[in-house]
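Structural description and commentary
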Amino acid sequence: MLPFEQGLIDMPSENVLVMRPIDSFGLHIFPASTVLEQGFKPINKALMQSGFNVEPRVEAQFELALVHLTRSKVESLGNIARAARMTDGFVLVNGAKTDGIESVLKRLKKIVAVEAVISKSHGKVFWFKAVTLPDWEDAAAMAENPAGFLTAAGMFSSEKIDQGSARLLPYLDGLKGKGADLGAGWGWLSKQVLALPDVAKLELYEADFKALEAAKINAADPRAVFHWADVTALPKPEKPFDFVVSNPPFHQSRKAEPELGKAFIKTAASLIKPKGRFLMVANRQLPYEATMEQYFKRWTVLEQDGQFKVFEATHPRK
Ligand SMILES: C[S@@+](CC[C@H](N)C(=O)[O-])C[C@H]1O[C@@H](n2cnc3c(N)ncnc32)[C@H](O)[C@@H]1O
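Analysis parameters
Residues numbered from 1 in each chain as written. Predicted model: local features only at pLDDT ≥ 70, side-chain atom pairs only at ≥ 80, totals over all residues. Buried ≥ 20, exposed ≤ 12 C-beta atoms within 10 Å, placed from the backbone. Helix = DSSP H or I, 4+ residues; strand = E, 2+ residues; numbered from the N terminus. Pairing = 2+ DSSP bridges. Right-handed = clockwise from strand over helix to strand, strands pointing away. Domains from an automatic or database assignment. Axes fitted to C-alpha atoms, helices over the stretch in contact; angles between N-to-C directions. Near = placed C-beta within 6 Å. Nonpolar A, V, L, I, M, F, W, Y, C, P; charged D, E, K, R; others polar.

**So, the pairing of strand β11 (residues 199-206)**
Extensive coverage of β11 is indicated by the burial of 6 of its 8 residues. Direction of pairing for strand β10 (residues 177-182) relative to β11: parallel, over a ladder of 6 bridges. Pairing of A180 across the sheet is with E203, part of β11. After leaving β10, the chain enters helix α7 (residues 188-194) and then returns to the sheet as β11, a path that is right-handed. Taken together, the 5 bridges between β11 and strand β12 (residues 224-228) define a ladder with parallel strand orientation.

**Side note on the domain arrangement of the protein chain**
Each assigned domain of the protein chain is listed with its residue range as follows: domain 1 (2-139) and domain 2 (142-316). Each of domain 1 and domain 2 has a C-alpha centre, and the two are 32 Å apart. Among the elements of the structure, α2 (41-49) and α3 (73-85) are those that each provide at least two residues to the side of domain 1 that touches domain 2. No other element matches the 3 residues that α2 contributes to the side of domain 1 that touches domain 2.

**Description of the sheet that holds strand β13 (residues 241-246)**
One open sheet holds the 7 strands; their spatial order is β12-β11-β10-β13-β14-β16-β15, and the pairing between them is mixed. Each having just a single partner strand, β12 and β15 (296-304) make up the two edges of the open sheet. The mean inter-strand angle of the sheet, taken between neighbouring strand axes irrespective of direction, is 15°.

**Regarding the site of the ligand**
Around the ligand lies a shell of 20 residues, among which G183, G185, L189, A207 and P249 are the nearest. Each residue belonging to the shell around the ligand can be placed in one class, and the counts come to 10 nonpolar, 6 polar and 4 charged.

**Focus on the sheet that holds strand β1 (residues 16-19)**
The strands making up a sheet associate through hydrogen bonds between their backbones, and the pairing can be parallel or antiparallel. Ordered in space as β3-β2-β1-β4-β5-β7-β6, the 7 strands form an open sheet in which the pairing is mixed. Lying at the two open borders of the sheet, with one neighbouring strand each, are β3 (53-55) and β6 (114-120). Taken over all neighbouring pairs, the strand axes of this sheet differ in orientation by 15° on average, direction set aside. Here 3 bridges tie β1 to strand β2 (residues 35-37), and the two strands are oriented parallel to one another. Counterpart to M19 in the pairing with β2 is E37.

Here it is as C-alpha coordinates:
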(Lines give C-alpha, C1' and ligand atoms only; values in the text may rest on other atoms or scores of the structure.)
Protein backbone atom coordinates (compact mmCIF):
# COMPACT_ATOMS: atom_id res chain seq x y z
CA MET A 1 0.00 0.00 0.00
CA LEU A 2 2.98 2.32 0.61
CA PRO A 3 3.51 3.43 -3.03
CA PHE A 4 -0.08 4.72 -3.09
CA GLU A 5 -0.11 6.12 0.44
CA GLN A 6 3.12 7.99 -0.26
CA GLY A 7 1.71 9.36 -3.51
CA LEU A 8 4.40 7.67 -5.64
CA ILE A 9 1.82 6.11 -7.96
CA ASP A 10 -1.59 7.44 -8.90
CA MET A 11 -4.41 4.99 -8.33
CA PRO A 12 -6.48 4.54 -11.50
CA SER A 13 -10.21 5.01 -10.99
CA GLU A 14 -10.90 1.54 -12.42
CA ASN A 15 -9.30 -1.41 -14.26
CA VAL A 16 -7.04 -2.62 -11.47
CA LEU A 17 -5.91 -6.23 -10.98
CA VAL A 18 -4.56 -7.70 -7.74
CA MET A 19 -3.08 -11.16 -8.13
CA ARG A 20 -2.92 -13.62 -5.25
CA PRO A 21 -3.86 -11.46 -2.23
CA ILE A 22 -3.95 -13.71 0.83
CA ASP A 23 -6.44 -11.56 2.74
CA SER A 24 -8.31 -8.29 2.45
CA PHE A 25 -5.70 -6.26 4.36
CA GLY A 26 -5.18 -2.92 2.59
CA LEU A 27 -7.47 -3.75 -0.31
CA HIS A 28 -9.83 -0.92 0.66
CA ILE A 29 -7.52 1.59 -1.05
CA PHE A 30 -8.24 0.07 -4.49
CA PRO A 31 -11.24 1.09 -6.62
CA ALA A 32 -14.42 -0.89 -5.95
CA SER A 33 -14.26 -2.51 -9.41
CA THR A 34 -10.81 -4.03 -8.72
CA VAL A 35 -10.51 -7.65 -9.81
CA LEU A 36 -8.72 -10.04 -7.46
CA GLU A 37 -7.21 -13.29 -8.72
CA GLN A 38 -7.09 -16.03 -6.10
CA GLY A 39 -7.44 -19.73 -6.95
CA PHE A 40 -7.20 -21.11 -3.40
CA LYS A 41 -10.80 -21.74 -2.42
CA PRO A 42 -10.77 -20.81 1.31
CA ILE A 43 -9.14 -17.43 0.57
CA ASN A 44 -11.23 -16.88 -2.56
CA LYS A 45 -14.39 -17.50 -0.53
CA ALA A 46 -13.32 -15.24 2.35
CA LEU A 47 -12.53 -12.39 -0.07
CA MET A 48 -15.83 -12.89 -1.85
CA GLN A 49 -17.69 -12.84 1.45
CA SER A 50 -15.98 -9.53 2.25
CA GLY A 51 -17.57 -8.13 -0.90
CA PHE A 52 -14.62 -8.26 -3.34
CA ASN A 53 -14.75 -9.16 -6.99
CA VAL A 54 -12.60 -12.31 -7.01
CA GLU A 55 -11.92 -14.89 -9.72
CA PRO A 56 -9.77 -18.03 -9.69
CA ARG A 57 -8.16 -17.02 -12.99
CA VAL A 58 -8.36 -13.69 -14.81
CA GLU A 59 -7.82 -12.86 -18.47
CA ALA A 60 -8.59 -9.19 -19.27
CA GLN A 61 -6.87 -5.85 -19.79
CA PHE A 62 -6.03 -3.51 -16.88
CA GLU A 63 -4.48 -0.14 -16.19
CA LEU A 64 -2.53 -1.29 -13.17
CA ALA A 65 -1.66 -4.64 -11.60
CA LEU A 66 -0.29 -5.66 -8.23
CA VAL A 67 1.24 -9.14 -8.03
CA HIS A 68 1.78 -10.79 -4.65
CA LEU A 69 4.49 -13.45 -4.76
CA THR A 70 3.62 -17.05 -3.98
CA ARG A 71 6.05 -19.58 -2.52
CA SER A 72 6.93 -20.85 -6.00
CA LYS A 73 9.34 -18.64 -7.92
CA VAL A 74 8.42 -20.15 -11.30
CA GLU A 75 4.73 -19.53 -10.59
CA SER A 76 5.42 -15.97 -9.40
CA LEU A 77 7.49 -15.12 -12.50
CA GLY A 78 4.66 -16.55 -14.62
CA ASN A 79 2.17 -14.35 -12.78
CA ILE A 80 4.36 -11.27 -13.24
CA ALA A 81 4.70 -11.93 -16.99
CA ARG A 82 0.93 -12.52 -17.29
CA ALA A 83 0.17 -9.35 -15.31
CA ALA A 84 2.57 -7.39 -17.56
CA ARG A 85 0.81 -8.77 -20.65
CA MET A 86 -2.59 -7.77 -19.27
CA THR A 87 -1.55 -4.29 -18.09
CA ASP A 88 -0.98 -0.98 -19.87
CA GLY A 89 0.45 0.96 -16.92
CA PHE A 90 2.48 -0.07 -13.87
CA VAL A 91 2.98 -3.60 -12.57
CA LEU A 92 3.78 -3.68 -8.86
CA VAL A 93 5.38 -6.74 -7.28
CA ASN A 94 5.09 -7.32 -3.56
CA GLY A 95 6.61 -10.08 -1.48
CA ALA A 96 8.44 -11.20 1.61
CA LYS A 97 12.12 -12.08 1.68
CA THR A 98 11.10 -15.65 2.49
CA ASP A 99 9.11 -15.72 -0.76
CA GLY A 100 12.20 -14.71 -2.71
CA ILE A 101 11.42 -11.05 -3.45
CA GLU A 102 15.15 -10.24 -3.60
CA SER A 103 15.90 -12.71 -6.37
CA VAL A 104 12.72 -11.79 -8.30
CA LEU A 105 13.78 -8.14 -8.14
CA LYS A 106 17.25 -9.08 -9.38
CA ARG A 107 15.76 -10.97 -12.34
CA LEU A 108 13.45 -8.07 -13.24
CA LYS A 109 16.21 -5.45 -12.92
CA LYS A 110 18.14 -7.19 -15.72
CA ILE A 111 15.20 -6.81 -18.10
CA VAL A 112 13.10 -3.78 -17.18
CA ALA A 113 13.59 -0.33 -15.75
CA VAL A 114 12.44 -0.74 -12.16
CA GLU A 115 10.93 2.63 -11.17
CA ALA A 116 11.41 2.27 -7.42
CA VAL A 117 11.78 -0.19 -4.57
CA ILE A 118 10.37 0.22 -1.09
CA SER A 119 11.59 -2.08 1.69
CA LYS A 120 9.74 -2.50 4.95
CA SER A 121 9.96 -5.12 7.69
CA HIS A 122 10.78 -8.38 5.94
CA GLY A 123 9.38 -7.44 2.56
CA LYS A 124 9.74 -5.29 -0.52
CA VAL A 125 7.51 -3.77 -3.15
CA PHE A 126 8.80 -2.57 -6.51
CA TRP A 127 7.22 -1.53 -9.77
CA PHE A 128 7.89 -1.10 -13.47
CA LYS A 129 6.04 0.03 -16.58
CA ALA A 130 4.48 -3.03 -18.22
CA VAL A 131 6.55 -4.50 -21.07
CA THR A 132 6.63 -7.91 -22.72
CA LEU A 133 8.64 -10.18 -20.45
CA PRO A 134 10.50 -13.45 -21.29
CA ASP A 135 8.53 -16.68 -21.69
CA TRP A 136 7.95 -17.06 -17.95
CA GLU A 137 4.27 -17.69 -18.65
CA ASP A 138 5.21 -20.84 -20.58
CA ALA A 139 7.51 -22.00 -17.80
CA ALA A 140 4.63 -21.68 -15.32
CA ALA A 141 2.03 -23.29 -17.58
CA MET A 142 0.71 -26.82 -17.20
CA ALA A 143 3.16 -29.39 -18.60
CA GLU A 144 3.94 -33.07 -18.22
CA ASN A 145 6.14 -33.78 -15.18
CA PRO A 146 8.83 -36.50 -15.14
CA ALA A 147 6.22 -39.00 -13.86
CA GLY A 148 4.04 -38.34 -16.93
CA PHE A 149 1.30 -36.24 -15.25
CA LEU A 150 0.20 -32.72 -16.09
CA THR A 151 1.17 -30.28 -13.34
CA ALA A 152 2.31 -26.69 -12.97
CA ALA A 153 4.64 -24.88 -10.59
CA GLY A 154 3.00 -23.94 -7.31
CA MET A 155 0.93 -27.12 -7.02
CA PHE A 156 1.67 -29.56 -4.23
CA SER A 157 4.50 -31.93 -5.29
CA SER A 158 4.33 -30.78 -8.91
CA GLU A 159 7.55 -32.50 -9.97
CA LYS A 160 7.00 -35.98 -8.59
CA ILE A 161 4.46 -38.39 -7.16
CA ASP A 162 4.20 -37.59 -3.48
CA GLN A 163 5.77 -40.28 -1.30
CA GLY A 164 2.96 -39.95 1.23
CA SER A 165 0.22 -40.53 -1.35
CA ALA A 166 2.21 -43.51 -2.67
CA ARG A 167 2.11 -45.10 0.82
CA LEU A 168 -1.65 -45.52 0.45
CA LEU A 169 -1.33 -47.61 -2.71
CA PRO A 170 -0.99 -51.07 -1.07
CA TYR A 171 -4.16 -50.45 0.96
CA LEU A 172 -6.51 -49.37 -1.83
CA ASP A 173 -7.38 -52.93 -2.91
CA GLY A 174 -10.96 -53.79 -2.09
CA LEU A 175 -12.30 -50.23 -2.19
CA LYS A 176 -15.70 -50.28 -3.84
CA GLY A 177 -18.81 -48.21 -4.39
CA LYS A 178 -18.84 -44.45 -4.02
CA GLY A 179 -15.81 -42.69 -2.58
CA ALA A 180 -14.11 -39.36 -2.10
CA ASP A 181 -10.53 -38.09 -2.26
CA LEU A 182 -10.08 -35.16 0.12
CA GLY A 183 -7.35 -32.80 -1.07
CA ALA A 184 -7.00 -34.58 -4.41
CA GLY A 185 -4.23 -32.29 -5.72
CA TRP A 186 -3.40 -32.92 -9.37
CA GLY A 187 -5.02 -36.33 -9.15
CA TRP A 188 -2.37 -39.03 -8.73
CA LEU A 189 -4.06 -40.83 -5.84
CA SER A 190 -7.50 -40.47 -7.44
CA LYS A 191 -6.19 -42.06 -10.62
CA GLN A 192 -5.00 -45.08 -8.62
CA VAL A 193 -8.42 -45.38 -6.95
CA LEU A 194 -10.17 -45.12 -10.31
CA ALA A 195 -8.05 -48.04 -11.56
CA LEU A 196 -10.01 -50.30 -9.16
CA PRO A 197 -12.82 -52.06 -11.03
CA ASP A 198 -15.40 -51.93 -8.22
CA VAL A 199 -15.23 -48.18 -7.70
CA ALA A 200 -18.52 -46.83 -9.04
CA LYS A 201 -17.91 -43.13 -8.42
CA LEU A 202 -15.14 -40.92 -7.04
CA GLU A 203 -15.68 -37.35 -5.90
CA LEU A 204 -12.46 -35.31 -5.92
CA TYR A 205 -12.33 -32.32 -3.57
CA GLU A 206 -9.46 -29.86 -3.99
CA ALA A 207 -8.98 -26.21 -2.97
CA ASP A 208 -6.29 -25.28 -5.51
CA PHE A 209 -8.12 -24.31 -8.73
CA LYS A 210 -5.16 -25.04 -11.02
CA ALA A 211 -4.43 -28.41 -9.40
CA LEU A 212 -8.06 -29.41 -9.86
CA GLU A 213 -7.87 -28.40 -13.55
CA ALA A 214 -4.86 -30.72 -13.84
CA ALA A 215 -6.69 -33.51 -12.00
CA LYS A 216 -9.54 -33.25 -14.51
CA ILE A 217 -7.05 -34.36 -17.15
CA ASN A 218 -4.80 -36.68 -15.09
CA ALA A 219 -7.70 -38.56 -13.52
CA ALA A 220 -10.20 -38.17 -16.37
CA ASP A 221 -12.84 -40.87 -15.97
CA PRO A 222 -16.61 -40.99 -16.42
CA ARG A 223 -16.87 -42.07 -12.75
CA ALA A 224 -14.96 -39.01 -11.49
CA VAL A 225 -16.64 -35.81 -10.26
CA PHE A 226 -14.47 -32.76 -9.60
CA HIS A 227 -15.17 -30.18 -6.90
CA TRP A 228 -13.25 -26.95 -6.34
CA ALA A 229 -13.97 -26.87 -2.63
CA ASP A 230 -12.72 -26.26 0.89
CA VAL A 231 -12.72 -29.68 2.56
CA THR A 232 -12.92 -28.08 6.00
CA ALA A 233 -16.31 -26.61 5.10
CA LEU A 234 -18.09 -29.37 3.16
CA PRO A 235 -21.80 -29.87 3.78
CA LYS A 236 -22.93 -33.32 4.93
CA PRO A 237 -23.74 -35.37 1.81
CA GLU A 238 -27.27 -36.54 1.07
CA LYS A 239 -25.99 -40.10 0.63
CA PRO A 240 -22.95 -41.13 2.66
CA PHE A 241 -19.84 -42.54 0.99
CA ASP A 242 -18.51 -46.10 1.03
CA PHE A 243 -14.95 -44.89 1.40
CA VAL A 244 -12.76 -41.80 1.71
CA VAL A 245 -9.05 -41.55 0.93
CA SER A 246 -6.87 -38.61 1.86
CA ASN A 247 -3.36 -37.32 2.08
CA PRO A 248 -4.33 -34.14 3.91
CA PRO A 249 -2.36 -30.91 3.67
CA PHE A 250 -0.29 -30.14 6.73
CA HIS A 251 0.57 -26.53 6.09
CA GLN A 252 -0.61 -23.48 4.19
CA SER A 253 2.23 -21.33 5.41
CA ARG A 254 5.71 -22.54 6.27
CA LYS A 255 4.91 -24.05 9.62
CA ALA A 256 3.08 -27.35 10.20
CA GLU A 257 -0.62 -26.84 10.87
CA PRO A 258 -2.06 -30.12 12.19
CA GLU A 259 -5.42 -28.34 12.64
CA LEU A 260 -5.91 -28.61 8.89
CA GLY A 261 -5.45 -32.40 8.92
CA LYS A 262 -7.72 -32.66 11.97
CA ALA A 263 -10.45 -30.80 10.07
CA PHE A 264 -10.01 -33.26 7.17
CA ILE A 265 -10.50 -36.19 9.60
CA LYS A 266 -13.67 -34.57 10.91
CA THR A 267 -14.98 -34.12 7.35
CA ALA A 268 -14.13 -37.73 6.45
CA ALA A 269 -16.13 -38.93 9.46
CA SER A 270 -19.09 -36.83 8.35
CA LEU A 271 -18.96 -38.30 4.82
CA ILE A 272 -18.74 -42.07 5.29
CA LYS A 273 -21.31 -44.76 6.08
CA PRO A 274 -21.03 -46.53 9.44
CA LYS A 275 -19.15 -49.39 7.82
CA GLY A 276 -17.35 -47.19 5.30
CA ARG A 277 -13.53 -47.10 5.20
CA PHE A 278 -11.37 -44.05 5.67
CA LEU A 279 -7.74 -44.38 4.58
CA MET A 280 -5.35 -41.57 5.38
CA VAL A 281 -1.60 -41.03 5.24
CA ALA A 282 0.19 -38.43 7.32
CA ASN A 283 3.66 -37.33 8.26
CA ARG A 284 4.65 -39.40 11.22
CA GLN A 285 5.19 -36.54 13.67
CA LEU A 286 1.70 -35.08 13.22
CA PRO A 287 -0.57 -35.78 16.19
CA TYR A 288 -3.75 -37.16 14.62
CA GLU A 289 -4.43 -40.11 16.98
CA ALA A 290 -6.64 -38.18 19.43
CA THR A 291 -8.67 -36.76 16.53
CA MET A 292 -9.17 -40.25 15.06
CA GLU A 293 -10.42 -41.36 18.47
CA GLN A 294 -12.72 -38.33 18.69
CA TYR A 295 -14.43 -38.96 15.35
CA PHE A 296 -14.17 -42.76 14.81
CA LYS A 297 -15.13 -45.72 17.01
CA ARG A 298 -12.58 -47.95 15.28
CA TRP A 299 -9.26 -46.88 13.89
CA THR A 300 -5.81 -48.34 13.53
CA VAL A 301 -2.36 -47.46 12.24
CA LEU A 302 -1.75 -49.88 9.36
CA GLU A 303 1.87 -48.95 8.88
CA GLN A 304 4.40 -46.47 10.17
CA ASP A 305 8.06 -45.70 9.68
CA GLY A 306 10.32 -42.75 10.34
CA GLN A 307 8.48 -40.60 7.83
CA PHE A 308 4.84 -41.59 7.45
CA LYS A 309 1.96 -43.37 9.09
CA VAL A 310 -1.10 -44.82 7.37
CA PHE A 311 -4.41 -44.82 9.23
CA GLU A 312 -7.55 -46.82 8.59
CA ALA A 313 -10.78 -45.81 10.33
CA THR A 314 -14.37 -47.09 10.27
CA HIS A 315 -17.55 -46.54 12.27
CA PRO A 316 -17.66 -42.73 12.52
CA ARG A 317 -19.08 -41.45 15.79
CA LYS A 318 -22.42 -39.71 15.45
C1 LIG B 1 -0.76 -33.62 0.47
S2 LIG B 1 -1.62 -32.96 -0.88
C3 LIG B 1 -2.50 -34.32 -1.58
C4 LIG B 1 -1.90 -34.88 -2.81
C5 LIG B 1 -2.75 -35.74 -3.70
N6 LIG B 1 -3.64 -36.59 -3.01
C7 LIG B 1 -1.87 -36.52 -4.67
O8 LIG B 1 -2.15 -37.69 -4.90
O9 LIG B 1 -0.90 -35.98 -5.19
C10 LIG B 1 -2.89 -32.05 -0.10
C11 LIG B 1 -3.79 -31.28 -1.05
O12 LIG B 1 -4.82 -30.62 -0.28
C13 LIG B 1 -5.10 -29.36 -0.87
N14 LIG B 1 -5.75 -28.51 0.15
C15 LIG B 1 -5.19 -27.68 1.07
N16 LIG B 1 -6.12 -27.12 1.84
C17 LIG B 1 -7.31 -27.57 1.38
C18 LIG B 1 -8.66 -27.35 1.77
N19 LIG B 1 -8.96 -26.55 2.78
N20 LIG B 1 -9.63 -27.96 1.07
C21 LIG B 1 -9.34 -28.80 0.03
N22 LIG B 1 -8.07 -29.07 -0.36
C23 LIG B 1 -7.07 -28.47 0.30
C24 LIG B 1 -3.75 -28.86 -1.34
O25 LIG B 1 -3.89 -27.91 -2.36
C26 LIG B 1 -3.08 -30.18 -1.82
O27 LIG B 1 -3.30 -30.37 -3.19
